[in-house]
Structures are given as structure tokens and as C-alpha cells.
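# Observations on the three-dimensional arrangement
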Number of protein chains: 2
Amino acid sequence: MSAPRDDGYDDLASDAAYFPALHEQIVQALAAVDGHAFRRDAWQKAPDEPLSGDGVTCVLEGGRVFERAGVMLSRVQGRALPPSATARRPEHAGRPFFATGVSVVVHPQNPYVPTSHLNVRLLALQDGSARWFGGGFDLTPFYPFDDDVMHWHRVARGVCAPFGAAVYPTLKARCDEYFFLKHRAETRGVGGLFVDDLMPGALPGLDTVSACFALTRGIGDAFVDAYVPIVQRRRDTPFGARERAFQLVRRGRYVEFNLVFDRGTHFGLQSGGRSESILASMPPLASWCYDHRPEPGSAEARLRDYLRPRDWLVGDAA
Amino acid sequence: MSAPRDDGYDDLASDAAYFPALHEQIVQALAAVDGHAFRRDAWQKAPDEPLSGDGVTCVLEGGRVFERAGVMLSRVQGRALPPSATARRPEHAGRPFFATGVSVVVHPQNPYVPTSHLNVRLLALQDGSARWFGGGFDLTPFYPFDDDVMHWHRVARGVCAPFGAAVYPTLKARCDEYFFLKHRAETRGVGGLFVDDLMPGALPGLDTVSACFALTRGIGDAFVDAYVPIVQRRRDTPFGARERAFQLVRRGRYVEFNLVFDRGTHFGLQSGGRSESILASMPPLASWCYDHRPEPGSAEARLRDYLRPRDWLVGDAA
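Let us look at the structure shown here.

## A few points about the overall build of chain A
If you tally the helices and strands in chain A, you get 9 helices and 10 strands. Expected size for 318 residues packed as a compact globule is a radius of gyration near 20 Å; at 19 Å, chain A falls within 12% of this value. Taken over the C-alpha atoms alone, chain A extends approximately 60 × 45 × 35 Å along its principal axes. Across the 318 residues in chain A, those meeting the buried criterion constitute 59%. Expressed as a percentage of contacts within chain A between residues at least 6 apart in sequence, the contacts between residues at least 24 apart total 70%. Total accessible area on chain A stands at roughly 12600 Å², and carbon and sulfur atoms take up 54% of it. Counting 36 positive and 38 negative side-chain charges, chain A places the averaged centre of each group 3 Å from the other.

Written as C-alpha cells, this is what we have:
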């Protein structure tokens, strides 16, 4: 074991150990909310596959609260870092790398409970000489409540606060930008936080690897606090066929985002990742209606106003 | 009107007129099978949009036989042909172009009736000085019957026969190759025909623009004969919740193909095409189950054998 170094380049294995711990914490928190246990699949890729590694995919299907919740942990090694992996350090391309991360997608039964997503990840050269991070969480309501959206964004702002006042608006804006369905001219939901290629100097106030990792951990650690109170508040709201039908149409948009735009999904499917784990993010059921247009003035039409970037915390003291 | 030219460069408008006629013919044939009429949406893109043009999207939803059938006609003009549009003629890139085509996707109610797809298209320089074609049809059964698959491929072979014995195997192989879900290691279905970038010399025996267009028309004209007999044979097969559930899972794979791999869908969504028309190909309802594995020996497990390239007409006299 090497002693911690001042520049923040602590032992890679110790950084990586954060992810299984977070994975376990989220699985337990969601199982407690639902009352059903997760199915747990440990998987391993053969060392001769393009991407070797292992992971644990935990899935809860047909729960009391969650129609599907997927909590995925993966750890992969690759022989050659793809050039796309770090736009900020093209000189690292082609070098052996290590990547680990946790992804969560929750599709609730009740249409009044929003869908949510978390991803946190660490990418590193295999010798540990460089590492960078990414992560975020975003919320996709069908019938949005301002209280829920504000709670979500207050938690997001709180995660960023220790790193300076500029971090939350930056990561919020990147989230709105990333989770955007160009062909629908709408965001996936009400956003949250998103950051990619996070390394010292990438954001003002984040000058060390330790700070970058601390922000990443902050995002991961805050997910349960950001999401579970919303689930508890809305899980028993009565609903009928109309709300269910709308939820399924909106889940169709979720599918469109994941399969057409999401870089993680594309990268995973194209690089020979484990399909079942990658696609555990898909909704259990989704629908498409030709030229679906909610009746003007209806609860369903109201959603549209939430699907464009907006400052949700305007006038809300930090 | 200019006189027909020996090299096959007939009047562009007269070639283009084939497509609305085919569109109408298919709409009428499918409506007759179902007993319900199609909704008909004529649309027009403003001339200042990146891709100007118009089209007619006909959709039948919630029919007796078809849960959704979409029959789409489009005609677009663009200021600059994208380099990807014709790999065989890079010198045409950047020139004003015209494109027209018909797309059909049919999602039947009954899981014993396969999903089917047709596309035929003409791409041309706007002055008519060059034109090239593409098209194909493919069949996606859930519970396959050899009789249906052989009928489908016999029609396909018949379409190609006038152009030489090598055409059917070539277009069949290209279809298997194109409609392949890499991450699932399976074809979309039992294939059919597929050809892109079809111009004189691209295939042996197709030496003129007229021959290329004749093959394209052959594909379009044969669709109803290839598909409707299968629909009629299977539409009244009794089914229950189990078959329906399997149909929805398989439709999830159809969504994966369309959104992850299909070049037409990607091109359409990214170039500012009309989203509702492009996505009229999506199934009305689809599902995803984590790590779905049909019971060994079940009717559902049998499908897997049909999802790899195979010579369906081996020993079948032409």
C-alpha cells in the first residue's frame, strides 16, 4: 500500500471500492421502500472478450412500488482506451484502462411517482497514473409536482455547494443539455446534475483529483435522499387507466432517449458490454401512439411545460 | 416531356410517380384485410427547414387485425446530398437532391401473425442526371411457421428472378446482414430482401437505371402478395396472455433494432425529418423483461432457431 499522495492520486483500488459500497446501499434502500428483494446476478466477462470484467446486476421486477428497478455495478478493463473516452486528454487514447461505475434506473408502478436515474463512474489508466470521473442524476416525472422538482434540485444544489456556487448551475445546465430529445424538442424530464470527463481543472473550484472524486461521491450518496422522499409522497396516489396509458407513452420517450441518444447505452452495446445489464434500464412496458397530443388544458398537457430547461430554485434560498 | 432516353434516364417525375401509387395500393389492401380505414395525415415541411418536402402518413391503430399499421410516403428535397447517401458516387456529395420513398411497418394484434416491413426509395440529383434506388422487405415472426417463411421467400425470389439467379441470394444475404442485432446475436426475423445504393453496375445483371428501378418496383409491388396470405392464414389463431406477453418482449427487440441500428430512422431523426412519421414504425406496445429466457423446448424457445441466416428455400424448385 502506498501512502496517500498530496496531489490526490490515492490508491486506485481504494477509490474503486466506493462503487460496490454505493451499489449495496442503493439496493438496500430501494428494497426497503418496496418491501420486495432484488434479484442479484453476478456476471463475469471472459478475459479474451474486448472488454473483460465483472459486475453485479440487481433487478427488482413487479414490486409493490417499483415496476422495475435496476441497480448495476460494473468493473471493466480494456486494452486500449477509445479516443472518445476522454476528450480532454487525447494523449491517453490507446492505453490500458480501468472503468467502474454504478447505474440506477427506477421505473415505478404509480404514474405519479417519477422515473429516476443515477450514474456515477470512475475511469482510469490501469496504472492509476490518471483518473477522471463522471456522474449525475435526473428525474422524469409524468405528472410533475413542483414540490418534488424543488426537493430534487435542492438536494442537487446541496451536493454541489461545497465546491463553489458555480458548480450547481453548471452541472444542471449540462444535464438539461445532455438529456434532450432533439426530435421531440423536449428534455427527458426535469433534469438534475450531469458531468462527464471530470478531472482537475475541468470545473472551477475542482482543482484536485480528490475534489473531483468527492463531488462524484456526493452525487452517488445523495441519490436516495433525493429520490426516496418523492417516492414516499406519491406512491399511494390513486390512479386509473388514463394515467397508466400516459405513463406508458412517456416511457416510450424514455426508450427513445436511451436507445437513440444515450452515449453510455451506445458505447455499452457497441463495445460488447453485457446487454442484459445495459438494457435493465429499459421500462418494463412502453407504448407509442401515432401523433399523441394531450388534450389542451389537461393534466397530461401540463407536463410539456416541465420539459424545457428552467431554474427550479429561483428565489429559493440555498 | 422529353422522350425516353436509351440509357434509362427517363423523366424523374414519372419515376417518382410510382411511389404515391404504391402507397395508395398498400393502404387499400391493408384496410381491406382489416376492415378499418386508415387515418390519413398529409404533412408539409416549410421550405426553409434543412429538409423541405411533403408526405402522407397513413396509420391504422387498434384495428381488428392490425394493432398498428403505418404506410408512409415522403418526398423531400435537400440542398446538399450528405456524403453517406451514396458510397458509390462520392462525387455527388454536396449537390441538391431529391428523395422519395414508401415505408410500411405492420404490427398485428395476433402474435401468430408476423410483423412485416417494406421500404422502397429513389434518391436522385435534383436535375435528374443521376438516380439510384434502394429497398427491401423483411418478416419478423414471433411463432414462426415454415410455410409462412417459405411463402415469403418464394415471393422474394420471384421478384428477383427476372434479373438473374444471383440477385435473390445476394439481396437475401444483405437483408440478413442489415437486420442483425449485434448485441443480441440474432437477426430481427427471417429476413427477405435488402438492397441499398442500387445503380447500374452495382449488381451483376442490373446494368441500366431502368433495370434498377424495375427491381425496386418489383419489391414494392410484391409486398401485399408476400404478406397478406400469411396474415389471412394466422389472424384467427387462438392465443392467450402467454403469447401476448412473448409478442411484447419480441417487439422490444424490434424497438431496439429501429432505434439503435436502423440507418433510415437515425438519418430521419437526426436530419430533422418528421418524427411522428418516422416513429410510426414503433410498436403500439412493447416490453422488456430482465434476462428473458424462454423455457427450453417451449414454443417461444423455438423462435431462436429462426433468428440466424438460413437458406429457407433449400431444395425448393424456383
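## Thoughts on unusual backbone geometry
Residue A185(A) is not a glycine yet carries a positive backbone phi of 50 degrees. Within the secondary structure, A185(A) is located in the loop between β7 (180–181) and β8 (186–187). When its relative accessible area of 47% is taken as the criterion, A185(A) is described as partly exposed. At D197(B), a residue that is not glycine, the phi angle is positive and equals roughly 60 degrees. Take D197(B): it is sitting in strand β9 (residues 191–198).

## A closer look at the nonpolar core
All names here are of chain A. Judged by nonpolar contacts, the single largest core of 71 residues is most densely connected at F137, L215 and I219. The leading source of residues in this core is helix α5 (residues 209–234), at 14 residues. Leaving out residues up to four positions away in the same chain, F137 has contacts with H117, L118, W152, A156, C175, G191, G192, L193, I219, A222, F223 and A226.

## Remarks on the sheet that holds strand β9 (residues 191–198) of chain A
Residue and element names in this part refer to chain A. Read across the open sheet, the 7 strands follow the order β1-β2-β3-β4-β5-β6-β9; overall the sheet is antiparallel. The two strands at the open ends of the sheet, each matched to only one other strand, are β1 (39–45) and β9. Direction aside, the axes of adjacent strands within the sheet are offset by 10 degrees on average. Of the strand pairs in this sheet, strand β5 (residues 115–125) and strand β6 (residues 131–140) are connected by 10 bridges, and their pairing is antiparallel. Bridge pairing links V120 to G135 in β6. Strands in contact with α5 are β3 (66–78), β4 (97–108), β5, β6 and β9; relative to β6, the strand with the most contacts, it is inclined by about 20 degrees.

## As for the relation of the copies chain B and chain A
Relative to chain A, chain B is turned by 180 degrees and slid 0.0 Å along the rotation axis, the superposed coordinates differing by an RMSD of 0.0 Å. As the rotation angle and translation indicate, the two copies are arranged about a two-fold axis. Same-surface contact between copies: 100% of interface residues of chain B are shared with the interface of chain A.

## Notes on helix α7 (residues 263–270) of chain B
Here α7(B) has its buried residues at T265(B), H266(B), G268(B) and L269(B). Viewed end-on, α7(B) has its buried residues packed into an arc of 165 degrees, placing them on one side of the element. Close packing links the buried residues of α7(B) with α6 (241–261) and α7 (263–270) of chain A together with α6 (241–261) and α8 (275–278) of chain B. A positive phi of about 80 degrees marks G272(B), the residue just after α7(B).

Reading the values: rules and limits
- Numbers given for residues are sequential positions, taken from 1 along each chain in its written order.
- Note on labels: chains are lettered from A, ligands numbered from 1, in written order.
- Predicted model: local features are reported for residues with pLDDT of at least 70 only, side-chain atom pairs are reported and counted for 80 or more only, and whole-chain, interface and lining totals are derived from all residues.
- For the side-chain quantities, the full set of heavy atoms in the structure was used; hydrogens and water were omitted.
- Starting at the N terminus, helices and strands are each numbered in turn, a helix being any DSSP run of H or I of at least four residues and a strand any DSSP run of E of at least two.
- Note on method: radius of gyration uses C-alpha positions; expected globular size equals 2.2 Å times residues raised to 0.38.
- Any residue under 20% of the maximum accessible area for its type is buried, any over 50% is exposed, and the rest in between are partly exposed; the area is computed with a 1.4 Å probe on protein chains only.
- Two residues form a contact once any of their heavy atoms are found within 4.5 Å.
- Per-residue and other accessible areas follow the Shrake-Rupley method at a 1.4 Å probe size, with only the shown protein chains counted as cover for residues.
- We treat Lys and Arg as the positive residues and Asp and Glu as the negative residues; His and chain ends play no part in the count.
- Where a charge sits is defined by one atom per residue type, namely NZ (Lys), CZ (Arg), CG (Asp) or CD (Glu).
- Nonpolar core, defined: a set of buried Ala, Val, Leu, Ile, Met, Phe, Trp, Tyr and Cys residues in which side-chain atoms within 4.5 Å join the residues together.
- Here, any two strands with at least 2 DSSP bridges between them count as paired.
- Interaxial angle, 0 to 180 degrees, is taken between N-to-C directions of lines fitted to C-alpha atoms, where a helix line uses only the stretch in contact.
- A least-squares fit on C-alpha atoms brings the copies together, and the residues used are those whose pLDDT is at least 70 in both copies.
- Our arc is simply the arc of the directions from the helix axis toward the C-beta atoms.

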